[in-house]
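Residue strings, one per chain:
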Amino acid sequence: MSLLRPLTPDDAPVFAALLSLGGRSTSADDLRAADARRGPGDQPWRRLLTAPDGRVLGGAQLQRSLFIPPAFLQVSVLVFPDARGQGVGE
């Protein structure tokens, strides 16, 4: 099991790279702009990273889904290819 920490604004480039692995082409500036537009009603919303030795291996994102009822949440777990198979996403 990997320990998670909250994403900081400085982590936007690495999280954008993780999201791009999942087929969502985005940039650090896109993430920061989207976060700036979020209001209190947009919660819960979380982005987390695992970086056991300072090197980010993967991350997770929790959000309300746009396509299912509002009481449901969607979780995305993304792991860099070189860290896969090591339990990072568990």
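What you are looking at is a predicted structure, and each value in this text was computed from that prediction instead of being measured.

Quick notes on the rules
- Residues numbered from 1 in each chain as written.
- Predicted model: local features only at pLDDT ≥ 70, side-chain atom pairs only at ≥ 80, totals over all residues.
- Heavy atoms only, no water.
- Salt bridge = Lys/Arg side-chain N within 4 Å of Asp/Glu carboxyl O.
- Helix = DSSP H or I, 4+ residues; strand = E, 2+ residues; numbered from the N terminus.
- Buried < 20%, exposed > 50% of the residue type's maximum accessible area, 1.4 Å probe, protein only.
- Arc of directions from axis to C-beta.
- Contact = heavy atoms within 4.5 Å.
- Pairing = 2+ DSSP bridges.
- Polar contact = N/O pair within 3.5 Å; in protein donor to acceptor, adjacent residues only side chain to side chain.

Draft legend 1. Structural detail: the pattern of salt bridges. Scanning the entire structure with this criterion turns up four salt bridges. A salt bridge links R47 to D35, with the nearest nitrogen and oxygen atoms 2.8 Å apart. With R47 in strand β2 (residues 45–50) and D35 in helix α2 (residues 28–37), the pair connects residues that are 12 residues apart, well separated along the chain. Overall, D35 belongs to the partly exposed group, its relative accessible area being 32%. Taking the shortest distance from any N to any O, the salt bridge between R55 and D82 comes out at 2.4 Å. Of this pair, R55 sits in the loop between β2 and β3 (58–64) while D82 sits in the segment after β4 (73–79), and the two are 27 residues apart along the sequence.

Draft legend 2. Quick look at α2. Every buried residue of α2 is accounted for by A28, L31 and A34. The buried side chains of α2 occupy one side of the element, clustering within an arc of 130° when seen end-on. Opposite the packed face of α2, turned more than 90 degrees from it, sit the exposed residues D29, A36 and R37. On the buried face of α2, the contacting elements are α1 (12–21) and β2.

Draft legend 3. Representation of the sheet that holds β3 within the structure. Sheet architecture is open: four strands sit in the order β1-β2-β3-β4, paired in antiparallel fashion. Looking at which strands have only one partner, the edges of the open sheet turn out to be β1 (5–6) and β4. Sheet topology note: the β1/β2 ladder contains two bridges and is antiparallel. Bridging from a neighbouring strand, R5 pairs with L49 of β2.

Draft legend 4. Up close: the side chain of Q61. Among the secondary structure elements, Q61 is positioned in strand β3. Looking at Q61, the relative accessible area reads 4%, which means it is buried. Side-chain polar atoms of Q61 contact the side chain of Q63, separated by 3.4 Å. Setting aside residues no more than four positions away along its own chain, Q61 makes contact with F15, L19, R24, W45, R46, R47, Q74, V75 and S76.

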